[in-house]
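# Report on the structure
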Amino acid sequence: MTCPKCGAEMNHQADKLVHPVTREEAASMTPALDGVVESVFACPGCGWIDSRRGGEPLRKTEIR
Ligand SMILES: [Zn+2]
């Protein structure tokens with residue numbers, strides 16, 4: 001994931017489980033975890049924090 005502020009490559013900081021709040025999120029829910037995985041990213045350049053919910057192909061391979 002690239003930082004929207006300075007364009008640096010952001011570090012994957014954490015994953016947390018959240019309850020789905022939209023129909024799209026409910027559809028992308030991870031059945032095994034009973035929720036949506038929210039991935040948090042931090043920029044090493046400017047300190048910008050961003051997050052992204054659900055549908056992480058990377059995460060699926062990590063679980064397996
Ligand atoms: Zn940045």
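Above: the structure in question.
My aim in this report is to walk through the structure given alongside it, one point at a time.

Basis of the calculations
Residues numbered from 1 in each chain as written. Predicted model: local features only at pLDDT ≥ 70, side-chain atom pairs only at ≥ 80, totals over all residues. Helix = DSSP H or I, 4+ residues; strand = E, 2+ residues; numbered from the N terminus. Contact = placed C-beta atoms within 7 Å. Pairing = 2+ DSSP bridges. Axes fitted to C-alpha atoms, helices over the stretch in contact; angles between N-to-C directions. Buried ≥ 20, exposed ≤ 12 C-beta atoms within 10 Å, placed from the backbone.

### Re the overall build of the chain
Assigned secondary structure in the chain consists of two helices and three strands. In sequence order, the secondary structure elements of the chain are arranged as β-α-β-β-α. Counted over contacts in the chain with a minimum sequence separation of 6, partners at least 24 positions apart contribute 48%.

### Observations concerning the environment of K16
Relative to the elements of secondary structure, K16 occurs in strand β1 (residues 11-18). With 37 residues separating them in the primary sequence, K16 and R53 have C-alpha atoms 9.4 Å apart. Contact partners of K16, with chain neighbours within four places excluded, come to E38 and V40.

### Regarding the sheet that holds β1
Taken together, three strands build an open sheet; the order of strands is β1-β2-β3 and the sheet is antiparallel. A single partner strand is all that each edge strand has here, and the edge strands are β1 and β3 (49-53). Put simply, the sheet's adjacent strands are angled 25° from each other on average, direction ignored. Relative to β3, strand β2 (residues 36-42) runs antiparallel, the two sharing five bridges.

### Section: the pairing of β2
Along a regular strand, successive side chains alternate from one face of the sheet to the other. In terms of strand pairing, β1 meets β2 through seven bridges, oriented antiparallel. Each bridged residue has a counterpart across the sheet, and for A14 the counterpart in β2 is V40.

### Overview of the environment of C6
For C6, the location among the structural elements is in the segment before β1. Here C6 falls in the partly exposed class, since 13 other C-beta atoms lie within 10 Å of it. Separated by 41 residues in sequence, C6 and G47 place their C-alpha atoms 9.8 Å apart. The residues touching C6, leaving out its near neighbours within four places in the chain, are C43, G45 and C46.

### Describing the environment of E38
Within the secondary structure layout, E38 lies in strand β2. Measuring from C-alpha to C-alpha, the distance between E38 and R52 comes to 5.5 Å, with 14 residues separating the pair along the chain. Once residues lying within four places of it in the same chain are set aside, the contact partners of E38 are K16, V18, S51 and R53.

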